[in-house]
Amino acid sequence: GYKLVVVLNIDDGHERVVAWALGGLARNEKTMLKGILKGLREEFGPLGEWIKLLVMDRGYWGAEFLGGLKRDEGIDYVTRSRDDDVDVVKNVEGLARLKSTIWHELPEQHSRLGNMLVRMAGFADLPLYDENDVDHGPCQVVIVEEYDLKRRRLQERPRFHYVTSLPVDPSDAESVQQIRTYYRRRWSVENQGFWVMTKRWNLDTLVARDLNAIRARLNFAMQLYNAENCCAWKHPGSFQQELPRLKRPPTGERL
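This section reports on the structure supplied with the text. The numbering scheme is per chain: residues are counted from 1 as the chain's sequence reads. In keeping with the predicted nature of the model, local features appear solely for residues at pLDDT of at least 70, side-chain atom pairs appear and are counted solely at 80 or more, and the whole-chain, interface and lining totals rest on all residues. Side-chain metrics rest on all non-hydrogen atoms present in the structure, leaving aside hydrogens and water.

1. Focus on the overall build of the chain
Move 1: When helices and strands are tallied, the chain shows 7 helices and 8 strands.
Move 2: Seen through its C-alpha atoms, the chain measures out along the principal axes to roughly 65 × 45 × 35 Å.
Move 3: Two residues qualify as a contact provided that any one of their heavy atoms is within 4.5 Å of a heavy atom in the partner residue. Within the chain, contacts between residues separated by at least 24 positions form 53% of all contacts whose residues are at least 6 apart in sequence.
Move 4: Summed over all atoms, the accessible surface of the chain reaches about 15,200 Å², with 50% contributed by carbon and sulfur. For helices the rule is a DSSP run of H or I covering at least 4 residues; for strands it is a run of E covering at least 2, with both sets numbered from the N terminus onward. For accessible areas, the Shrake-Rupley method is used with a probe of radius 1.4 Å. Any residue's cover is judged against the shown protein chains and nothing else.

What follows is the structure, encoded as structure tokens:
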């Protein structure tokens, strides 16, 4: 009966819950995320000084919100288009049909789908219109299609449209692929974040109907998640290797 929005650091080895917000099912994720960013700004200073990139799941974040992240907060973003009816997707689909479009084909490995080929193209300096036809761009878009190793299109997989404020050089395969790579790292939120928090710390188990009790349990579970990750980062060896340090830790090393 509640909606939870969580911001995590997904840098390898530094997976941490940075902030979170709880609301009713009727609340908008964009509004909740705005509240989180406002709190972080007040607590830690200008966001652009310490958040380099915000990777967001597909959803209707809106052109005004995305443009404001870059313009007002100094934060770059990478997200996936909500659907094919968004203006920026319609524009880039038309551009993709031009003969001048440069396509790149690169190998890719997936834990679930195995080895595949991806065909991708990048488009720079596109307008990003809101519902009132106000341009909040420019933005860049990367189109990606997935194929098996025999170059047969994976029919169960859609055509992906990634929208970003990061610079993209359409003629450079590495520049185009980087946007796809950033978005794919979002899966660490699912695989390393929520999976651990729900399976190990029972994050989705409500202990009561009282809102304060629910918030307290969520906060405790996410602090446990952070503490465990901090401990694993400080003590990367096996239990037997780390046992002497854990028994008598130097000053300041205690969790």
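2. Brief notes about the pairing of strand β7 (residues 139–147)
Move 1: Only protein chains enter the accessibility calculation, which uses a 1.4 Å probe. A residue is then buried if its area is under 20% of the maximum for its type, exposed if over 50%, and partly exposed in between. Extensive coverage of β7 is indicated by the burial of 9 of its 9 residues.
Move 2: Going residue by residue along β7, you find C139, V141, I143, E145 and Y147 tucked away on one face and Q140, V142, V144 and E146 tucked away on the opposite face as well.
Move 3: Strands are labelled as partners when DSSP assigns at least two bridges between them. Pairing of strand β6 (residues 114–126) with β7 involves 8 bridges; the strand directions are antiparallel. The residue bridging M120 from the neighbouring strand is V144, located in β7.
Move 4: Note: β7 against strand β8 (residues 160–164), 5 bridges, orientation antiparallel. Bridge pairing links Q140 to T164 in β8.

3. Some words on the environment of A232
Move 1: Looking at the element boundaries, A232 is found in helix α6 (residues 211–234).
Move 2: For the pair A232 and N28, spaced 204 residues apart in the sequence, the C-alpha separation amounts to 35 Å.

4. Here's the deal with the nonpolar core
Move 1: To form a nonpolar core, buried Ala, Val, Leu, Ile, Met, Phe, Trp, Tyr and Cys residues must be joined to one another through side-chain atoms within 4.5 Å. Residues L33 and M56 are the most contacted members of the largest nonpolar core, which totals 32 residues.
Move 2: Top contributing element to this core by residue count: helix α1 (residues 29–44), with 5 residues.
Move 3: Beyond its immediate sequence surroundings of up to four residues, M56 is in contact with L33, W61, F65, L66, L69, Y77, V78, T79, R80, Y183 and R186.

5. Observations concerning the packing of aromatic side chains
Move 1: Classification of ring pairs uses Phe, Tyr and Trp, with its six-membered ring standing for Trp, and accepts pairs whose centres are within 6.5 Å; under 30 degrees between planes counts as stacked, over 60 as edge-to-face, and the remaining range as tilted. A complete count under the given rule lists 4 aromatic pairs for this structure.
Move 2: Centroid distance Y162 to Y183: 5.1 Å. Interplanar angle 45°. Geometry classified as tilted. Highlighted residues: Y162 in strand β8 and Y183 in helix α4 (residues 173–184), separated in sequence by 21 residues. Across this residue pair, the class does not change: Y162 and Y183 are buried.

6. With respect to α6
An α-helical turn contains 3.6 residues, so a residue and the one three or four places further along point in the same direction.
Move 1: For α6, with 24 residues, the first-to-last C-alpha span of 35 Å sits near the 34 Å given by 1.5 Å per residue.
Move 2: Inspection of α6 places I214, L218, A221, M222, Y225, N226 and N229 among the buried residues, and these make up the whole buried set.
Move 3: For α6, the N-terminal capping position is held by D210, with its side-chain oxygen 3.2 Å away from the main-chain nitrogen of N212. Each residue after the first adds 1.5 Å to the expected span of a helix. Two N or O atoms form a polar contact when they lie within 3.5 Å of each other; inside protein one atom must be a possible hydrogen donor and the other a possible acceptor, and for residues adjacent in sequence the pair counts only when both atoms belong to side chains.

7. Focus: the sheet that holds strand β3 (residues 53–56)
Pairing between the strands of a sheet is mediated by backbone hydrogen bonds and can be parallel or antiparallel.
Move 1: Spatially, 6 strands are ordered β3-β4-β8-β7-β6-β5 in an open sheet, and the strand pairing comes out mixed. A strand with exactly one partner marks an edge of an open sheet, and here the two such strands are β3 and β5 (104–110). Shown here is a sheet whose adjacent strand axes are inclined to one another by a mean of 25°, direction ignored.
Move 2: Judged from the 7 bridges that link them, β5 and β6 form a sheet pairing that is antiparallel. Bridge pairing in β6 places Q109 opposite N115.
Move 3: Helix axes are fitted only over the stretch in contact, all axes being lines through C-alpha atoms; the angle between N-to-C directions runs from 0 to 180 degrees. Of the strands in this sheet, β3, β4 (76–80), β5, β6, β7 and β8 are in contact with α4, which crosses β5 at around 30°.

8. A closer look at the state of the cysteines
Move 1: The rule for a disulfide is simple: a pair of cysteine sulfur atoms within 2.5 Å. Applying the stated criterion across every chain yields a total of 0 disulfides.
Move 2: Unpaired in terms of disulfides, C230 finds its nearest cysteine sulfur in C231, a separation of 8.7 Å.
Move 3: We classify C231 as partly exposed; its relative accessible area is 23%.

9. Quick word on the environment of V141
Move 1: Summarising the element assignment, V141 is placed in strand β7.
Move 2: For V141, a relative accessible area of 1% gives the class buried.
Move 3: Once you skip the residues sitting within four places of it in the chain, V141 turns out to touch V88, V92, A121, G122, F123, L126, Y162 and V163.

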